[in-house]
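Spelled out from the first residue to the last, the chains are:
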Amino acid sequence: MRGPRSITAALWPVIALIALAGCEAGSSSSLPFAPEYRGVETDLLDGDLVNFHVSMTGARGSADVARYAECAAAQYALIRGYGFARHVRTNIEDEGGVWRADAVYTISPALPRGLKTIDAEVVAADCAENGIPMV
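Would you explain the packing of aromatic side chains in this entry?
Where two aromatic rings form a pair, the distance of their centres and the angle of their planes describe that pair. Counted according to the given criterion, the structure contains three aromatic pairs. Their ring planes at 80 degrees and their centres at 5.6 Å tell us that F52 and Y76 sit as a pair that is edge-to-face. A residue pair is termed long-range when its members are at least 10 positions apart, and F52 in strand β2 (residues 49–57) and Y76 in helix α2 (residues 62–79) qualify at 24 residues. For the pair F52 and Y76, one class covers both residues: buried. Ring-pair connections join several aromatic residues into one group, and the members of that group are F52, Y76 and Y105. A cation sits over an aromatic face here: R60 above F33, 3.6 Å from the ring centre.

This is the structure we're talking about:
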């Protein structure tokens, strides 16, 4: 007959699998991604410096709302006849499931200096392919 110690040791793998399965079932990554894009507002700050305000619900996290702002910047650059944009900063907040981003980009006809540059045509095409609305 086994003692309590050997039963507990034998059950650990089963307990671990049950716990892991419970975590997976409740994780947000298993939920379908169903965003609702609530619009973009743009403010030309100075020359080539543009502020984008976007909001959405159904975001999986801050990366989704930042991507929405990037899509807006790419389309805005194209509308203005420019091919590139450079990310300056993005502030993100989530209030009651409504995600908002306040993002600033510079737009330019040539590839700007900096690490966070985007090719507006490439980004806009990717956004359109992924169903992310733009300006």
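The rest of the description comes next.
What is the right way to read the nonpolar core from this model?
Here is a general trend for soluble globular proteins: nonpolar side chains tend to be buried in one another's company. Residues F52 and Y105 are the most contacted members of the largest nonpolar core, which totals 26 residues. Put simply, the parts of the chain that give this core at least two residues each are β2, α2, β4 (98–108) and α3 (120–129). Excluding residues within four positions of it along the chain, F52 makes contact with V40, E41, T42, A72, A73, Y76, A101, D102, A103, Y105 and V135.

Help me understand the pairing of strand β1 (residues 36–46) in this model?
Both faces of the sheet carry side chains from a regular strand, because those side chains alternate between them. As judged from the eight bridges shared by β1 and β2, these two strands associate in the antiparallel manner. Of the residues in β2, the one forming a bridge with Y37 is M56. Where β1 hands over to β2, the hairpin turn is made up of two residues, of which G47 adopts a positive phi near 60 degrees.

Would you take a moment to explain the sheet that holds β2 for this structure?
Two orientations exist for strands paired in a sheet by backbone hydrogen bonds: parallel and antiparallel. Read across the open sheet, the five strands follow the order β1-β2-β4-β3-β5; overall the sheet is antiparallel. The two strands at the open ends of the sheet, each matched to only one other strand, are β1 and β5 (117–119). Across the sheet, the mean angle separating the axes of adjacent strands is 30 degrees when strand polarity is ignored.

What exactly am I supposed to notice about the environment of A124 here?
Checked against the element boundaries, A124 lands in helix α3. Taking relative accessible area as the criterion, A124 reaches 7% and is therefore assigned buried. C-alpha of A124 to C-alpha of Y76: the two residues are 48 residues apart in sequence and 9.5 Å apart in space. Excluding its chain neighbours within four sequence positions, the residues that come into contact with A124 are A74, Q75, L78 and M134.

How do you make sense of α3 when you look at a structure like this?
Residues separated by three or four positions in an α-helix point in the same direction, a consequence of the helix having 3.6 residues per turn. Residues of α3 that are buried include every one of A120, V123, A124 and C127, and no others. Taken down its axis, α3 places every buried residue within 100 degrees of arc, on the same side. Within α3, the exposed residues directed more than 90 degrees away from the buried face are E121, V122 and E129. Buried-residue contacts for α3 involve α2, β3 (84–95) and β5. Where α3 begins, the capping side chain belongs to D119, and its oxygen is found 3.2 Å from the backbone nitrogen of E121.

Definitions and cut-offs
Residues numbered from 1 in each chain as written. Predicted model: local features only at pLDDT ≥ 70, side-chain atom pairs only at ≥ 80, totals over all residues. Heavy atoms only, no water. Phe/Tyr/Trp six-rings, centres within 6.5 Å; stacked < 30°, edge-to-face > 60°. Helix = DSSP H or I, 4+ residues; strand = E, 2+ residues; numbered from the N terminus. Buried < 20%, exposed > 50% of the residue type's maximum accessible area, 1.4 Å probe, protein only. Lys NZ or Arg CZ within 6 Å of the ring centre and 35° of its normal. Core = buried A, V, L, I, M, F, W, Y, C linked by side-chain atoms within 4.5 Å. Contact = heavy atoms within 4.5 Å. Pairing = 2+ DSSP bridges. Axes fitted to C-alpha atoms, helices over the stretch in contact; angles between N-to-C directions. Arc of directions from axis to C-beta. Polar contact = N/O pair within 3.5 Å; in protein donor to acceptor, adjacent residues only side chain to side chain.

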